[in-house]
Amino acid sequence: ILGLLILLGVVAIALRLEGPADRSMLAELDAQLRQTPQFFADAPLVIDLEHAAGQVSPEDLLGLVEHLRFRKVSVFAVQGGSREQKAAAAAQGL
């Protein structure tokens, strides 16, 4: 689910995961990116793991970040998640 997040006056897009970051989810995300590419252009994105902490492995999280960055989406942080997910995000500079 995509939404807007306001952090200290900065508007960011929040990608709230509610399940695994699998091929189906990535295909849906790609469809959204194709439909509204200007919405994502140069907009910072936060990956919200609060509702999917146990369903997204650290490896899948890294794959999602790479997937988004390859599509020129500016992922800059994660929110929520397990210690392992946070460590994986930190390894990606988030």
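These figures come from a predicted structure and were not determined experimentally.

Within the largest apolar cluster, 22 residues are counted, with the highest numbers of intra-cluster contacts made by L15, L17, M25, L45, I47, L64 and L68. Elements supplying a minimum of two residues to this core: β2 (10–16), α1 (23–35), β3 (44–48) and α3 (58–70). For L68, the contacting residues outside a window of four places in its chain are L15, L29, L45, I47, V73 and V75.

All right, on to unusual backbone geometry then. Glycine aside, negative phi is the norm for most residues, and most peptide bonds take the trans geometry. A positive phi angle, near 65 degrees, is found at K72, a position not held by glycine. With respect to the helices and strands, the residue K72 is situated in the loop between α3 and β4 (74–79).

Burial in helix α4 (residues 83–91) covers these residues: Q85, A88 and A89. Angularly, the buried residues of α4 cover 100 degrees about the axis, an arc narrow enough to put them on a single face. Counted as exposed and oriented over 90 degrees from the buried face of α4: R83, E84 and A91. Of the residues one or two after α4, G93 is the one with positive phi, at around 85 degrees.

Before going further, it helps to spend a moment on the pairing of β3. With 4 of its 5 residues buried, β3 lies for the most part within the structure. In this structure, β3 lies alongside β4, joined through 5 bridges in parallel fashion. Bridge pairing in β4 places V46 opposite A77.

Across all of its chains, the model carries 2 salt bridges by this definition. Residue D30 is joined to R71 by a salt bridge in which the shortest nitrogen-to-oxygen separation is 2.7 Å. With D30 in helix α1 and R71 in the loop between α3 and β4, this pair connects stretches of sequence that are 41 residues apart.

Thresholds applied
Residues numbered from 1 in each chain as written. Predicted model: local features only at pLDDT ≥ 70, side-chain atom pairs only at ≥ 80, totals over all residues. Heavy atoms only, no water. Core = buried A, V, L, I, M, F, W, Y, C linked by side-chain atoms within 4.5 Å. Buried < 20%, exposed > 50% of the residue type's maximum accessible area, 1.4 Å probe, protein only. Helix = DSSP H or I, 4+ residues; strand = E, 2+ residues; numbered from the N terminus. Contact = heavy atoms within 4.5 Å. Arc of directions from axis to C-beta. Pairing = 2+ DSSP bridges. Salt bridge = Lys/Arg side-chain N within 4 Å of Asp/Glu carboxyl O.

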